[in-house]
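Structure assessment
Given next are the chains, with one letter for each unit.
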Amino acid sequence: MRHGLGFDIHRLVPGRPFVLGGLTFDHPRGPSGHSDGDVLLHALVDALLGAAALGDIGDHFPDTDPKWKGTAGEVFVKAALKLVAAKGWRPAQVDATVFLELPKLKKRKPELAAELARLLGIAKDCACVKAKTMEGLGAIGAGEAIAAQVLVVLEKAPASKKKTRK
Ligand code: MG
C-alpha cells in the first residue's frame, strides 16, 4: 500500500462560482484561480500523485500553461489516476477535510464523499469528507479563503489481462 497527502488553498472572491469536489454551491463568493479553484479535487490530485511518488499538481499541470485555464478539477483527477495506474497502483480509500467558514457543508458532505468515491472508482464506504471552520481565525475564518487536506491510500492494481488473439 501507498499513502499520499494533499493540501490546497484558494482565495474566495465575489463573482466566481463556488465549486468544491466537482459540485457547485450557492454562495456569493467562489475560489479564484487559473483553473476552477476546486481545492478538494486539487488536494486529491496532490495526494494521488504523492502516493505514487509522482510529484505535484504544478509539475504536471502548470498554471502558467493557458491549456489549463478554467479546467475542471475532475480533468486533473482523471489525468492523475492515469499516471498512478501506469505505476501499477489504484485508489483504495480517501479521507478529506475541508476548511471553510461558509457555506455550511453539513448537508452535502455525503454527496461530496460519494463524488470522490465515483471519481476514484472505490466503494462509497471508502470515502469520507469532513468539514471544519477555523473559529473565525485568519483568512479562512474571515471567509476569504478555503482549504482542503486529503489523504489517499493506493493499493497494487491487479495485473491487467493482455488482450491477445489466438
Ligand atoms: Mg488549487
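See above for the structure.
Please read all numbers here as calculations on a predicted model, not as lab measurements.

Conventions adopted
- Residues numbered from 1 in each chain as written.
- Predicted model: local features only at pLDDT ≥ 70, side-chain atom pairs only at ≥ 80, totals over all residues.
- Heavy atoms only, no water.
- Donors = N, O, S within 2.8 Å, 3.2 Å for Na, K, Ca; no water.
- Helix = DSSP H or I, 4+ residues; strand = E, 2+ residues; numbered from the N terminus.
- Buried < 20%, exposed > 50% of the residue type's maximum accessible area, 1.4 Å probe, protein only.
- Contact = heavy atoms within 4.5 Å.
- Salt bridge = Lys/Arg side-chain N within 4 Å of Asp/Glu carboxyl O.
- Pairing = 2+ DSSP bridges.

Attention shifts here to the coordination of the magnesium ion. Here the magnesium ion is held by Asp 8 (OD), His 10 (NE2) and His 42 (ND1), and the distances to it run 2.1 to 2.2 Å. One chain supplies every donor for the magnesium ion, spaced along it as D-x1-H-x31-H.

Here we come to the environment of Ala 159. Structurally, the position occupied by Ala 159 is in the segment after strand S7 (145-156). We classify Ala 159 as exposed; its relative accessible area is 74%. Measuring from C-alpha to C-alpha, the distance between Ala 159 and Gly 88 comes to 7.9 Å, with 71 residues separating the pair along the chain.

As for its placement among the helices and strands, Leu 102 is situated in the loop between strand S5 (89-99) and helix H4 (109-120). Separated by 91 residues in the primary sequence, Leu 102 and Arg 11 have C-alpha atoms spaced 13 Å apart. Discounting residues that sit within four places of it in the chain, Leu 102 has contacts with Phe 18 and His 27.

This part is about the pattern of salt bridges. Within this structure, the stated rule accounts for six salt bridges. The salt bridge involving Asp 95 is made with Lys 130; its shortest N-O contact spans 2.7 Å. Taken together, the residues span a long stretch of sequence, with Asp 95 in strand S5 and Lys 130 in strand S6 (residues 127-132) at a distance of 35 residues. Here Lys 130 falls in the partly exposed class, since its relative accessible area comes to 31%.

Once that is clear, we can look at the pairing of strand S1 (residues 2-14). Each regular strand shows side chains that alternate between the opposite faces of the sheet. Where S1 and S7 come together, ten bridges link them in antiparallel fashion. Within S7, the position partnered with Arg 11 by the bridge is Ala 145. Note that S1 and strand S4 (residues 29-31) share three bridges and pair antiparallel. Pairing of Pro 14 across the sheet is with Arg 29, part of S4.

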